[in-house]
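Structure assessment
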Amino acid sequence: MNKAKRAAVIAGNWKMNKTPAETTALINDLKPLVADAACGVICCVPFTDIPAAVDAAKGSNIKIGAQNCHWAESGAFTGEIAASWLKELGVEYCVLGHSERRQYFGETDETVNSRTKAALAAGLKPIICVGELKEERLADKTHEVLDVQVKGAFADIAAAELANIIIAYEPVWAIGTGLTATDDQADEACGYIRSLIAGLYGQDAADAMTIQYGGSMNAGNAEALLAKENVDGGLIGGASLSAEKFQPIVAAASK
Ligand code: 13P
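Computed from a predicted structure; not experimentally measured.

Next up on the list: the packing of aromatic side chains. Tallying each qualifying case throughout the model produces three aromatic pairs. Here the aromatic rings of tyrosine 104 and phenylalanine 105 are separated by 6.3 Å at their centres, their planes lie at 80 degrees, and the arrangement is edge-to-face. Taking the relative accessible area as the measure of exposure, phenylalanine 105 reaches 53% and is therefore exposed. The interplanar angle of 70 degrees and the centroid separation of 6.1 Å between the aromatic rings of phenylalanine 154 and tyrosine 201 together place this pair among those described as edge-to-face. Note that phenylalanine 154 is positioned in the loop between α7 (142–153) and β6 (166–169) and tyrosine 201 in helix α8 (residues 183–201), a separation of 47 residues in sequence. Taken as a pair, phenylalanine 154 and tyrosine 201 share a single burial class, namely buried. Its guanidinium or amino end placed over the ring of phenylalanine 105, arginine 101 lies 4.3 Å from that ring's centre, counting from NZ or CZ.

Structure representation (structure tokens):
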């Protein structure tokens with residue numbers, strides 16, 4: 001982290017977990033534990049949990065995010081959710097391009113870009129996920145993959161929007177596997193992403209961009225990862241599902 005240059009943000013990605021009642025309970029458990037956080041705290045919850053999450057988080061420092069949004073404002077897109085409706089419910093952030101959506105639901109760099117534009121137009125702050133597969137890392141293709149994903153996601157995104165965007169570097173081989181990227185691997189990849197943003201928008205914009213690491217981040221490894229210059233926070237899956245596991249990560253980012 002380099003808090004002199006940019007905001008540190010810890011976001012939980014709950015994925016497809018928690019009922020509305022469980023959401024209320026978890027946010028209520030979390031609120032007192034993170035009330036003094038010196039970093040951003042976000043919970044990205046399933047669509048159906050949004051009203052419960054927004055209600056429980058009211059008056060606290062916890063911000064609520066969604067996990068996807070559609071690029072159209074409305075129309076014949078059965079099962080989809082428009083960005084403006086999320087905004088109307090009190091959602092502030094939206095995870096886009098998560099590797100699980102790329103892997104299981106046909107997400108492409110082009111659709112990530114379309115969703116990013118729709119989210120920004122609706123006043124949501126996108127958390128754009130990028131990251132390489134294991135075979136791509138082993139074949140030394142990490143930079144190539146990040147290059148395509150970052151340039152794809154940011155196509156035609158105006159520089160003025162950058163302050164409203166977070167990038168999450170999530171190496172796919174580290175998600176839910178217990179395998180964490182080493183501190184140096186995370187720093188190097190986040191630094192490379194920063195250099196791509198510098199190439200697109202200039203060094204000042206790149207220096208101000210919050211770039212999170214995600215992939216088996218937990219209470220045990222958060223502090224070392226966050227000590228790295230280019231790791232500005234975390235996108236947390238499994239360890240965001242209980243207040244006891246999430247709180248130490250927020251505490252590590254608050255140092
Ligand atoms: P885990 O923390 O469970 O590895 O998940 C990371 C992730 O995919 C967050 O978006």
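Resuming the write-up.
Let's shift gears to unusual backbone geometry. In this model, lysine 18 sits at a positive phi of 85 degrees, which is unusual for a non-glycine residue. Looking at the element boundaries, lysine 18 is found in the loop between β1 (9–13) and α1 (20–34).

With that settled, the discussion passes to the site of the ligand. In the vicinity of the ligand, the contacting residues are Asn13, Lys15, His98, Glu170, Ala174, Ile175, Gly176, Gly215, Ser216, Leu235, Gly237 and Gly238. Within the side chain of lysine 15, an N or O atom sits 2.9 Å from an oxygen atom of the ligand. In the model, an oxygen atom of the ligand is placed 2.8 Å from a nitrogen or oxygen of the glutamate 170 side chain. Protein chains shield 95% of the accessible area of the ligand, which is 310 Å² for the free molecule. Tallied by class, residues from the shell around the ligand come to three nonpolar, seven polar and two charged.

Neither face of β6 is open: one carries Ile166 and Ala168, the other Ile167 and Tyr169, and all of them are buried. Pairing analysis gives four bridges linking strand β5 (residues 125–130) to β6, with the strands arranged parallel. Looking at β6, one finds that cysteine 129 is bridged to alanine 168. Taken together, the three bridges between β6 and strand β7 (residues 211–213) define a ladder with parallel strand orientation. Opposite isoleucine 167, over in β7, you have isoleucine 211 as the bridge partner.

Another aspect to go through is the packing of α1 against helix α11 (residues 243–253). Direction vectors running N to C along α1 and α11 enclose 30 degrees, while the axes themselves pass 10 Å from each other. Compared by their axis directions, α1 and α11 come out roughly parallel. In this structure, α1 meets α11 at a crossing whose hand is right-handed. Contacts between α1 and α11 pair Leu26, Asp29, Leu30, Leu33 and Val34 from the former with Ala243, Phe246, Gln247 and Val250 from the latter.

Moving on, we come to the pattern of salt bridges. Oppositely charged side chains may form a pair once their charged atoms are brought near each other. Counted under the stated rule, the structure contains twelve salt bridges. Measuring nitrogen to oxygen at the nearest pair gives 2.7 Å for the salt bridge that ties arginine 137 to glutamate 132. Across the pair lysine 255 and glutamate 223 runs a salt bridge, and its minimum N-O distance is 3.1 Å. Taken together, the positions of lysine 255 in the segment after α11 and glutamate 223 in helix α10 (residues 222–226) put the pair 32 residues apart, joining distant regions of the chain. Beyond isolated ion pairs, a larger network of salt bridges with shared partners links Arg6, Arg194, Glu229 and Asp232.

Running from N to C, α7 and α8 point in directions that differ by 45 degrees, and their axes come no closer than 10 Å. As far as their axial angle goes, α8 and α7 are oblique. Helix-helix and strand crossings are classified by hand; for α7 and α8 the assignment is right-handed. Within the contact between the two elements, α7 uses His143, Leu146, Asp147, Val150 and Lys151 and α8 uses Glu188, Ala189, Tyr192, Ile193, Leu196, Ile197 and Leu200. Of the residues assigned to the contact of α7 with α8, the class counts are eight nonpolar, one polar and three charged.

So, on to the pairing of strand β2 (residues 40–44). When you tally the buried positions in β2, you get four out of five residues, the bulk of the element. The pairing of β1 with β2 spans five bridges and is classified as parallel. Within β2, the residue paired with asparagine 13 across the bridge is cysteine 44. Following the chain from β1 across α1 to the adjacent parallel β2, one finds a crossover that is right-handed. With four bridges joining them, β2 and strand β3 (residues 62–66) adopt parallel strand pairing. What sits directly across from valine 41, in β3, is isoleucine 62. Considered for its hand, the β-α-β crossover made up of β2, helix α2 (residues 50–57) and β3 is right-handed.

Criteria and thresholds
- Residues numbered from 1 in each chain as written.
- Predicted model: local features only at pLDDT ≥ 70, side-chain atom pairs only at ≥ 80, totals over all residues.
- Heavy atoms only, no water.
- Phe/Tyr/Trp six-rings, centres within 6.5 Å; stacked < 30°, edge-to-face > 60°.
- Buried < 20%, exposed > 50% of the residue type's maximum accessible area, 1.4 Å probe, protein only.
- Helix = DSSP H or I, 4+ residues; strand = E, 2+ residues; numbered from the N terminus.
- Lys NZ or Arg CZ within 6 Å of the ring centre and 35° of its normal.
- Near = heavy atom within 4 Å.
- Polar contact = N/O pair within 3.5 Å; in protein donor to acceptor, adjacent residues only side chain to side chain.
- Areas by Shrake-Rupley, 256 points an atom, 1.4 Å probe, with all protein chains shown as cover.
- Nonpolar A, V, L, I, M, F, W, Y, C, P; charged D, E, K, R; others polar.
- Pairing = 2+ DSSP bridges.
- Axes fitted to C-alpha atoms, helices over the stretch in contact; angles between N-to-C directions.
- Parallel < 35°, antiparallel > 145°, perpendicular 65-115°, else oblique.
- Left-handed = near helix turned anticlockwise from the far one by under 90°.
- Contact = heavy atoms within 4.5 Å.
- Salt bridge = Lys/Arg side-chain N within 4 Å of Asp/Glu carboxyl O.
- Right-handed = clockwise from strand over helix to strand, strands pointing away.

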